[in-house]
Amino acid sequence: MAIGLVAGLVVGLAAAVTESPVLLAVARGLRPLGTLFLNLLSMVVIPLVATALFVGVAGLGSMKSVGRLGVRTLGFFLGTTLAAILIGFLLAALFLPLGAMTPDQQAALREAAAADSAFVRRAAEQIPTGTGARFIVELVPANPVRAAVEGNLLPLIVFTTIFAVAAAALPEEKRRTLTDLADGATQALIKIVQWVLLLAPLGIFALVAGAVAQFGWSLVKSMAVFVLAVIAGLAVFIGAVYLPAVALVARLKVTRFLKAAWPSLAMGFSTTSSLATLPTMLHAAEDDLKISRTVAGFVLPLGAAVNRAGSALYQAVAVLFLAQLYGIGFGVPEAFQAGAAVFLTSLTVASVPSGSIVSLTPALVATGLPLSGLTLLIGLDRVPDMFRTMTNVTGHVTAAAVIAAVEGEKLE
């Protein structure tokens, strides 16, 4: 995968710098192959989330265990997300003044953003409407099959959790029948993913080469300070929050944890999808770190669906960046509004490339920032998307290790 990533960067950069028709044609022609690779991974995501979560919850065996594990897991997710937002605002305030735009540059960027309004319209159409009460009501699906077909993971997770809790309350013999069936399905789906991963180097090469060739470094350079602020913020967040949690709570050596998590981090970095990385994370947690299937099967699917601390940090930096870019005042009240919007919408960020940008719209609306700024962010999003997805994946594996340790498991 590392070779595929480097080769994709080399080919994409060569095509962008030389503008060679042959290299550009090759890089663009590879995109369908990259899309096919992601489709093969995505094919098993929905059933894998459902079966793995069911096995994890039903295997707990009691309502008390389900509630305790759920509260601890969500508490970890929400606490780290809040820390990520605060770190994002701090790093943005330190870095972004170094990359202030001139009035001419601002005008050119506004013109470029206004020319592409289709994405803005699509993004706005995907924002959940209604009150917070409606959002909560829609978490319980009237038709769980439809939620699965449409890829609505949060309602599907709610249904699967309720179903698994009911199964956990059954007599041991009946409960084991259901959990054995779900566990067999999970193992079969993971086997499919292992076959697909044989194509990972080629798929990653195609994805990266196409993206770099299309956008080039000219756009990346014009917003280099923004990208640097995001990457620095994510690095500070991992170093200040996740790794200490691994060392102090999970009682694992940081080097041991990183060695076990590295394949998952590389997959998340390359594919920019937490869900596509779920099979790799399950393997790292259960087979390498020796986390129980009960904890791993509950924490990791739930984390892949709702834990987006890296995305929340990115969104916090992006809000301040757009405010500076358009010359709009941004004080403490605006920061509070943006932070609250980012905190809430981070739970609904789709686990797909550039999902954080679509979910950024409520924060822009809450603070009066122009939605046209989304078109600027999408142009160079591949680079920060890689880093924030890697951060999200780090958080998922960290959460599994921490929760397992709190539950009394001894990790290796």
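See the structure above.
Visitor: Explain the overall build of the protein chain to me, and be specific about the residues and the numbers.
Guide: A tally of regular secondary structure across the protein chain gives 22 helices and zero strands. Looking at the protein chain residue by residue over its 412 residues, the buried ones come to 51%. Across the protein chain, every contact between residues at least 6 apart in sequence was considered, and the portion connecting residues at least 24 apart equals 85%. Of the roughly 17800 Å² of accessible surface on the protein chain, 69% is carried by carbon and sulfur atoms.

Visitor: Account for a nonpolar patch on the surface, naming residues and giving values.
Guide: Side chains of Leu33, Leu36 and Leu202 sit close together on the surface and give an oily, nonpolar patch of about 240 Å² of accessible area. Mapping leucine 36 onto the fold places it in helix H3 (residues 31-43).

Visitor: Give me the lowdown on helix H14 (residues 254-271), citing residues and values where you can.
Guide: Since one α-helical turn is 3.6 residues long, residues separated by three or four positions face the same way. For H14, built from 18 residues, the straight-helix expectation of 26 Å at 1.5 Å per residue is met to within 8% by its first-to-last C-alpha distance of 24 Å. Its axis deflected by about 50 degrees at alanine 261, H14 carries its strongest bend there, up to four residues before the proline proline 263. When we look at burial in H14, the residues that qualify are Phe257, Ala260, Ala261, Ser264, Leu265, Ala266, Met267, Gly268, Phe269, Ser270 and Thr271. A positive backbone phi angle near 55 degrees is found at threonine 272, which sits one or two residues after H14.

Visitor: Give a description of the packing of helix H15 (residues 278-288) against helix H16 (residues 293-306) that names residues and reports values.
Guide: Think of two packed helices as two axes; the pair is described by the angle between the axes and how far apart they sit. Axis separation between H15 and H16 bottoms out at 10 Å; the angle between their running directions is 150 degrees. When the axis of H15 is compared with that of H16, the two are roughly antiparallel. Considering only the axes of H15 and H16, their crossing is right-handed. Residues Leu278, Met281, Leu282, Ala285 and Glu286 of H15 form the contact with H16, whose participating residues are Arg293, Ala296, Leu300, Pro301 and Ala304. Class assignment of the residues belonging to the contact of H15 with H16 gives a composition of eight nonpolar, no polar and two charged.

Visitor: Quick rundown of the nonpolar core? Include the residues and the values.
Guide: Ranked by size, the top nonpolar core spans 85 residues in total, and within it Phe226 and Ile291 carry the most contacts. Not counting residues up to four positions away in its chain, the partners in contact with isoleucine 291 are Ala285, Glu286, Ala296, Ala400, Ala401, Ala404, Glu409 and Leu411. Counting six residues, the second-largest nonpolar core is a separate cluster that includes Val55, Ala58, Ala164 and Ala182.

Visitor: Describe the packing of aromatic side chains, naming the residues involved and giving the relevant values.
Guide: Applying the stated criterion to the full structure yields seven aromatic pairs. Seen from their ring centres, phenylalanine 76 and tyrosine 242 are 6.4 Å apart, and the 25 degrees between their planes marks the pair as stacked. Remark: tyrosine 242 occurs in helix H13 (residues 224-248) and phenylalanine 76 occurs in helix H5 (residues 63-95); sequence separation between them is 166 residues. On the basis of relative accessible area, phenylalanine 76 is assigned to the buried category, the value being 14%. A relative accessible area of 1% means that tyrosine 242 is categorised as buried.

Visitor: Kindly report on unusual backbone geometry, identifying the contributing residues and their values.
Guide: One non-glycine residue with positive phi stands out, namely arginine 251, at about 60 degrees. Structurally, arginine 251 can be placed in the loop between H13 and H14. Phi at lysine 290 is positive, roughly 65 degrees, even though this residue is not glycine. Summarising the element assignment, lysine 290 is placed in the loop between H15 and H16. What makes lysine 290 partly exposed here is its relative accessible area of 40%.

Visitor: Can you break down the environment of alanine 284 residue by residue, with the values?
Guide: Position of alanine 284 relative to the elements: it lies in helix H15. If we skip the residues at most four places from it in the chain, alanine 284 touches Ala260, Ser264 and Leu289.

Visitor: Residue-level account of the pattern of salt bridges, with values.
Guide: Applying the stated criterion across every chain yields a total of four salt bridges. Note that aspartate 288 is salt-bridged to arginine 256, the shortest N-O span being 2.7 Å. Highlighted residues: aspartate 288 in helix H15 and arginine 256 in helix H14, separated in sequence by 32 residues. Taking the relative accessible area as the measure of exposure, arginine 256 reaches 24% and is therefore partly exposed. Between arginine 388 and aspartate 385 there is a salt bridge, and its shortest N-O distance comes to 3.3 Å.

Visitor: Run through H16, naming residues and quoting values.
Guide: Taking 1.5 Å of rise per residue, the 14 residues of H16 would be expected to cover 20 Å, and the 20 Å separating its terminal C-alpha atoms lies within 8% of that figure. Among the 14 residues of H16, twelve are classified as buried, and the element is accordingly described as predominantly covered. All buried positions along H16 are accounted for by Val295, Ala296, Gly297, Phe298, Val299, Leu300, Pro301, Leu302, Gly303, Ala304, Ala305 and Val306.

Visitor: Describe the environment of glutamate 334, with residues and values.
Guide: In this fold, glutamate 334 is placed in helix H18 (residues 332-345). For the pair formed by glutamate 334 and threonine 367, sequence separation is 33 residues and the distance between their alpha carbons is 5.6 Å.

Visitor: Residues and numbers for the side chain of glutamate 286, please.
Guide: Within the secondary structure, glutamate 286 sits in helix H15. Here glutamate 286 falls in the buried class, since its relative accessible area comes to 17%. Among the polar contacts listed, one links the side chain of glutamate 286 to the side chain of arginine 293, at a separation of 3.3 Å. In contact with glutamate 286, not counting residues within four places along its chain, are Ile291, Arg293 and Ala296.

Visitor: So what about the side chain of threonine 277? Which residues, and what values?
Guide: Within the secondary structure, threonine 277 sits in the loop between H14 and H15. Leave out the neighbours within four places in its chain, and threonine 277 touches Ser264, Met267, Gly268, Thr271 and Val393.

Visitor: Can you explain the packing of H13 against helix H17 (residues 309-325)? Please cite residues and give values.
Guide: Two elements in contact, H13 and H17, have axes separated by 10 Å at closest approach and are oriented at 140 degrees. Crossing of H13 against H17: the hand is right-handed. Here Phe226, Ala229, Val230, Gly233, Leu234, Phe237 and Tyr242 of H13 come into contact with H17, specifically with Ala309, Gly310, Leu313, Tyr314, Val317, Ala318 and Phe321. Grouping the constituent residues of the contact of H13 with H17 by class yields twelve nonpolar, two polar and no charged.

Rules behind the numbers
- Residues numbered from 1 in each chain as written.
- Predicted model: local features only at pLDDT ≥ 70, side-chain atom pairs only at ≥ 80, totals over all residues.
- Heavy atoms only, no water.
- Helix = DSSP H or I, 4+ residues; strand = E, 2+ residues; numbered from the N terminus.
- Buried < 20%, exposed > 50% of the residue type's maximum accessible area, 1.4 Å probe, protein only.
- Contact = heavy atoms within 4.5 Å.
- Areas by Shrake-Rupley, 256 points an atom, 1.4 Å probe, with all protein chains shown as cover.
- Patch = residues over 30% accessible without salt bridge, like charges linked within 9 Å, V, L, I, M, F, W, Y side chains within 5 Å.
- Salt bridge = Lys/Arg side-chain N within 4 Å of Asp/Glu carboxyl O.
- Expected span 1.5 Å × (residues − 1).
- Bend = angle between axes of the 7 residues up to and from the residue.
- Axes fitted to C-alpha atoms, helices over the stretch in contact; angles between N-to-C directions.
- Parallel < 35°, antiparallel > 145°, perpendicular 65-115°, else oblique.
- Left-handed = near helix turned anticlockwise from the far one by under 90°.
- Nonpolar A, V, L, I, M, F, W, Y, C, P; charged D, E, K, R; others polar.
- Core = buried A, V, L, I, M, F, W, Y, C linked by side-chain atoms within 4.5 Å.
- Phe/Tyr/Trp six-rings, centres within 6.5 Å; stacked < 30°, edge-to-face > 60°.
- Polar contact = N/O pair within 3.5 Å; in protein donor to acceptor, adjacent residues only side chain to side chain.

What is shown is where atoms sit, not what they do.
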